[in-house]
Amino acid sequence: MDMSATATATAEGRDLSALSSQELMRLEKAIAERFMGGLPWGAVTWGLGNLAIWLSLWPLTLLGALPLWAAFPIATLNVMLCYLPSHEAQHRIIAREGEPLFWLNELVGHLSTIPMMLPYGVARLTHYEHHKHANHPELDPDIGTKSNGPWHMIFKSIAQRQPGSAAGKSYGATLARLGTDEAKRAGLVAVVYQLTYLGVLFGMAWSGHALVALLVWWLPRQIGVTYIQFYLSWAPHHPGAQMGRYKDTRSFRSKVGVIGSMGMEYHIIHHLYPRIPLMRTPAAYWALRPVLEARGCDVKGL
Amino acid sequence: MQKVLGTLFRFMPFLFGIGFVAPVIAQSIQALGWTLPYGIPPVAFGLVVGGAWGAFANWSGRWI
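Just so it is clear, the structure is predicted and the values come from calculations on it, not from any experiment.

*Asks:* Could you clarify how one ought to interpret the packing of aromatic side chains in this entry?
*Replies:* Centre distance and the angle of the planes are the two values used to describe a pair of aromatic rings. A full pass over the atoms with the stated rule returns 17 aromatic pairs over all chains. With 4.9 Å between their ring centres and 65 degrees between their planes, A:F230 and A:Y231 make a pair best called edge-to-face. An angle of 75 degrees between the planes, with centres 5.6 Å apart, marks the rings of B:W53 and B:W63 as edge-to-face. One end of the pair, B:W53, is in helix 3 (residues 42-60); the other, B:W63, is in the segment after helix 3, and ten residues separate them in sequence. When its relative accessible area of 18% is taken as the criterion, B:W63 is described as buried. Taken together through their ring pairs, the aromatic side chains of A:F202, A:W218, B:F16, B:F20, B:W53 and B:W63 make up a single cluster. Taking the ring centre of A:Y197 as reference, the NZ or CZ of A:R221 above it sits at 4.5 Å. Here A:R245 stacks its cationic end above the ring of A:Y273, 5.1 Å away from the centre of that ring.

*Asks:* Mind showing me how you'd approach helix 4 (residues 68-90) of chain A here?
*Replies:* Note: α-helices contain 3.6 residues per turn, so residues at a spacing of three or four share the same orientation. All names here are of chain A. Compared with an ideal rise of 1.5 Å per residue, which puts 23 residues at 33 Å, helix 4 spans 33 Å between its outermost C-alpha atoms and is within 8% of the ideal. In the structure, helix 4 departs most strongly from a straight axis at L81, where the bend amounts to approximately 25 degrees and where the proline P85 lies between one and four residues downstream. Remark: R92 follows helix 4 within two positions and exhibits a positive phi of approximately 55 degrees.

*Asks:* Is there a simple way to think about the interface of chain B and chain A in this case?
*Replies:* A common measure of how large an interface is: the accessible area buried when the components associate. Listed by partner, the interface residues are 22 residues for chain B and 20 residues for chain A. Along the contact surface separating chain B from chain A lie zero salt bridges. Inspection of the region where chain B meets chain A yields eight residue pairs in polar contact (both at pLDDT 80 or more). Elements supplying a minimum of two residues to the side of chain B that touches chain A: helix 1 (2-10), helix 2 (12-32) and helix 3 of chain B. Ranked by residue count, the leading element in the side of chain B that touches chain A is helix 2 of chain B, at twelve residues. Looking at the side of chain B that touches chain A, its residues break down into 17 nonpolar, four polar and one charged.

*Asks:* Explain the nonpolar core to me, please; I cannot follow it from the model alone.
*Replies:* One recurring pattern in soluble globular proteins: nonpolar side chains tend to sit buried together. Membership of the largest hydrophobic core comes to 32 residues, with the highest contact counts inside it found for A:W54, A:W58, A:L201, A:V216, A:W217, B:F16 and B:F20. Contributions of two or more residues to this core are made by helix 3 (41-62), helix 4 and helix 9 (181-234) of chain A together with helix 2 of chain B. If we ignore the near neighbours within four places in the chain, the residues touching A:L201 are A:A213, A:W217, A:W218, B:F16 and B:F20. Counting residues in hydrophobic clusters, the runner-up holds 26 residues, among them A:V79, A:Y83, A:L84 and A:L278.

*Asks:* What exactly am I supposed to notice about the packing of helix 3 of chain A against helix 9 of chain A here?
*Replies:* The geometry of a pair of packed helices is captured by two quantities: the angle between their axes and the separation between those axes. Residues and elements named next belong to chain A. Running from amino to carboxyl end, helix 3 crosses helix 9 at an angle of 135 degrees, the nearest separation of the two axes being 11 Å. In terms of orientation, helix 3 lies oblique with respect to helix 9. The two elements helix 3 and helix 9 meet at a crossing, and its hand is right-handed. Within the contact between the two elements, helix 3 uses W54, L57, W58, T61 and L62 and helix 9 uses M204, H209, V212, A213, V216 and W217. A class-by-class count of the residues in the contact of helix 3 with helix 9 yields nine nonpolar, two polar and no charged.

Quick notes on the rules
Residues numbered from 1 in each chain as written. Chains lettered and ligands numbered in written order. Predicted model: local features only at pLDDT ≥ 70, side-chain atom pairs only at ≥ 80, totals over all residues. Heavy atoms only, no water. Phe/Tyr/Trp six-rings, centres within 6.5 Å; stacked < 30°, edge-to-face > 60°. Helix = DSSP H or I, 4+ residues; strand = E, 2+ residues; numbered from the N terminus. Buried < 20%, exposed > 50% of the residue type's maximum accessible area, 1.4 Å probe, protein only. Lys NZ or Arg CZ within 6 Å of the ring centre and 35° of its normal. Expected span 1.5 Å × (residues − 1). Bend = angle between axes of the 7 residues up to and from the residue. Contact = heavy atoms within 4.5 Å. Salt bridge = Lys/Arg side-chain N within 4 Å of Asp/Glu carboxyl O. Polar contact = N/O pair within 3.5 Å; in protein donor to acceptor, adjacent residues only side chain to side chain. Nonpolar A, V, L, I, M, F, W, Y, C, P; charged D, E, K, R; others polar. Core = buried A, V, L, I, M, F, W, Y, C linked by side-chain atoms within 4.5 Å. Axes fitted to C-alpha atoms, helices over the stretch in contact; angles between N-to-C directions. Parallel < 35°, antiparallel > 145°, perpendicular 65-115°, else oblique. Left-handed = near helix turned anticlockwise from the far one by under 90°.

Right, here's the structure in full:
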């Protein structure tokens with residue numbers, strides 16, 4: 001790859017309809033390359049810092065230094081924010097295998113999702129399947145969030161957490177379908193996570209701290225998981241009717257803005273180029289938008 | 001071990017009802033300063049409600 005060509009690649013002012021599909025792909029890749037590389041220290045700080053804040057809520061509330069009415073919204077925000085740093089790690093954006101800081105990638109991946117009790121191995125393996133089979137009615141582990149609209153999505157998110165829900169078992173079913181040693185290990189870790197989570201809840205509850213467990217963990221987790229599913233799983237893929245590189249994801253304008261939706265307005269860039277760090281996806285989107293339009297992507301929302 | 005875990009998770013809604021919902025109810029009553037009729041201890045009330053709700057969730061497959 002000619003680095004000088006990559007550094008200056010742009011779709012601005014060009015008649016893309018005159019380009020062949022191959023030329024369009026070369027241009028697309030050259031533009032995308034501009035936004036890759038480097039270590040996203042922001043994601044590292046975000047992931048580990050967010051966990052540190054959540055962990056600090058426990059002694060602060062148990063010692064009476066922080067009232068529960070104040071801890072609850074903080075804990076809820078902690079869960080809402082905990083997934084995306086792990087997501088960077090899942091895609092080896094922080095560092096790749098073999099690189100000196102790969103341990104940091106894995107550390108962020110494993111630790112940042114503790115508030116939502118989603119083991120890193122489960123998250124990574126199922127997320128890769130989501131990328132491979134986005135919107136597939138049977139093979140996309142996140143297809144259960146496909147809904148008619150925002151309220152229907154919230155209803156489905158809660159329904160899937162009921163004990164009898166088949167959709168709620170989609171991650172386990174995906175691991176079983178993969179059947180690899182890695183998938184089996186991830187499943188075992190998930191069992192350990194679940195038992196630990198329940199053990200902490202039960203132990204806190206019966207030692208007189210039920211309300212702390214409720215408001216620092218259980219309820220924030222319910223709200224946070226629905227929020228994450230809403231913006232990371234449902235909104236960017238809605239209506240979820242098409243599959244394919246340029247059809248399975250859309251850009252959209254969120255009522256809560258780019259920060260409130262955690263940058264998911266630009267999630268289409270992530271599905272096209274998973275190694276572009278989250279915080280660069282807005283800039284990459286605007287640079288690539290003419291190409292995405294030429295490719296027939298749904299970018300009318302943004 | 002797989003059998004033990006399988007059984008444990010099959011009855012987890014009921015166990016959650018007793019293990020978490022019951023003390024949450026009991027301690028909420030205490031935190032609100034409520035007194036239950038007939039001197040019913042909050043923990044007993046919590047166990048009845050939590051246990052019944054958990055049993056319902058186990059049988060029906062849903063809490064709500």
